[in-house]
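Residue-level structure breakdown
Here is what each chain is made of, one letter per residue.
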Amino acid sequence: PATKAEAPALEEATALTPEQMFEGGADTYKNWVEFGVGGFNTRGNKAQFQERSQYPDGAFGGITDFHYQTDIAKGTTMSLDGRGIFDNHDYKLSLDLKREKLGYLRFSANELRTWYNGDGGFYPPTGAYYSLRDDALALDRGEFSIEAGLTLDKAPKMTFKYTHDFRDGEKSSTIWGYTHPVGGELVRGLSPSVYDIDEHRDIFEFDIAHKIKKVDVGAGLHYETGRLDDALKINQFPGEAIEQKVTDQQNTSFDLFNVHSYAESWLHKNVMLSAGFAFSDLDNDFSGSRIYGAEYDVSYTPNAQNGFGYYGLHGGSHLIEYEPD
C-alpha cells in the first residue's frame, strides 16, 4: 500500500483524461457496437425533402456500427463488421477469416437506398404544378461478394472472387411528357416520368501471381454477365380526356470474357522491364419497345389516336480485342 506521501503522486499518475475515459483508459478494446435513432416529421413536399436529405420520412434507427474480432485458433483470426439502419435501407455485413501463412476467406454484403423526387414541371402562367405522389421514388443498390485467397510461402498466390451486384427500384427522369396546361395550347416537358429499373450483374475473377527468381509473373481470368431490364414510363396529358401512359422498354444483356497476363523484373535499381497481354471478348444483345395505352406495361395495340409506337426491336454487337503491352 502507498504511504500518505506517495498517495497524491500515485493518484495524479493514474488520473484519466476525458479522451482516455472515453476510450477505456490504458486498455485498448477491439470490439464495439454503436446504436443510433432518428426521425423527421415533414410538411410540404415530402419527396423533395427525402431527395435532398437522403433520409426517409418518419422514424429510423438501428446499429450504426458493429465490430467483433477474435482468435478462433492459433494464427487464425475472425472479424465481423456490420451496420443495419431500419427504414433507411442501409445495411452492411462483412465476415473475414484469415489464417497466417495459409490464406483467407472473405464474405461481404451491403445495400443502400437512394430517394428521388419524381414530380414533373411547373407552368408559371397558370401556376400548374405536375406532381407525382407524396413519397419519394426509391432505388436500391446492393452487392454481394465472396472471396478466397491462398497465400502460402514459396508458392503461387491465388485468389478467387465472385460478385453479384444489382439496382432495383424507381428513379426520376427529366424526359417529361406533353400537356395542355392552358386552353388548347400544347406544352412539352411538364408531366412527370419515371425510370423503372431492374439490373443485375455477376462477376467471376481468378488471379494467380508468383515470383520466379527475379521475375514477377501473373495471370488472370475475368468473366462477367449481366442484364438490364429498364423502362421509362411517361404520363402524357395527365387529368385530360386523352391521357395516355407510355412504356418505353430498354433491355440489354451482355457477356464479357477477359484473360490477361504479365511479367516484370528490375534489371537495375532504376530500370524495369515489363510485358503483358490481354484478350477480351464482349457480346451484347439489346431489345426494346415503346407502347402507348391506358395503363403502363400493356400489350402492344397500335392506334392512330394514342400513338403507334413500336414492338420487337432487337439488335446486338460483338467486340474482340487483343492488347499486347
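Report on the accompanying structure. From a predicted model like this one, the values you see are computed outputs, not experimental measurements.

Topic: the pattern of salt bridges
- Applying the stated criterion to the full structure yields 15 salt bridges.
- Of the charged contacts, one joins Arg133 and Glu170 as a salt bridge, the two residues approaching to 2.9 Å between their closest N and O atoms. With Arg133 in the loop between strand E7 (128–129) and strand E8 (137–150) and Glu170 in strand E9 (residues 157–182), this residue pair connects regions lying 37 residues apart in the sequence.
- Owing to a relative accessible area of 25%, Glu170 belongs among the partly exposed residues under this scheme.
- In this structure, Asp165 engages Arg201 in a salt bridge whose closest nitrogen and oxygen atoms are separated by 2.6 Å. Residue Asp165 is located in strand E9, and its partner Arg201 is located in strand E10 (residues 185–212); the two are separated by 36 residues in the primary sequence.
- Salt bridges here are not isolated pairs; linked through shared partners, they connect Asp96, Arg106 and Glu147.

So, a nonpolar patch on the surface
- A surface patch of nonpolar side chains, about 550 Å² in accessible area, is lined by Phe160, Phe204, Phe206, Ile208, Leu221, Tyr223 and Phe257.
- Of all the secondary-structure elements, those providing two or more residues to the nonpolar patch are E10 and strand E11 (215–236).
- In terms of residues, the nonpolar patch owes the most to one element, E10, which gives 3 residues.

Section: unusual backbone geometry
- Of note in this structure, Lys101 is not a glycine but carries a positive phi near 60°.
- Mapped onto the fold, Lys101 is located in the loop between strand E4 (90–99) and strand E5 (103–116).
- A positive phi angle, close to 55°, is found at Lys213, a residue other than glycine.
- Tracing the sequence through the fold places Lys213 in the loop between E10 and E11.
- On the basis of relative accessibility, which here comes to 80%, the residue Lys213 falls in the exposed class.

Observations concerning the environment of His200
- Mapped onto the secondary structure, His200 falls in strand E10.
- Take His200: its relative accessible area is 33%, and that puts it in the partly exposed class.
- Residues His200 and Arg141, 59 residues apart in the sequence, show an inter-C-alpha distance of 9.9 Å.

What counts as what
- Residues numbered from 1 in each chain as written.
- Predicted model: local features only at pLDDT ≥ 70, side-chain atom pairs only at ≥ 80, totals over all residues.
- Heavy atoms only, no water.
- Salt bridge = Lys/Arg side-chain N within 4 Å of Asp/Glu carboxyl O.
- Helix = DSSP H or I, 4+ residues; strand = E, 2+ residues; numbered from the N terminus.
- Buried < 20%, exposed > 50% of the residue type's maximum accessible area, 1.4 Å probe, protein only.
- Patch = residues over 30% accessible without salt bridge, like charges linked within 9 Å, V, L, I, M, F, W, Y side chains within 5 Å.
- Areas by Shrake-Rupley, 256 points an atom, 1.4 Å probe, with all protein chains shown as cover.

None of the figures reported here should be taken as evidence of function without further support.
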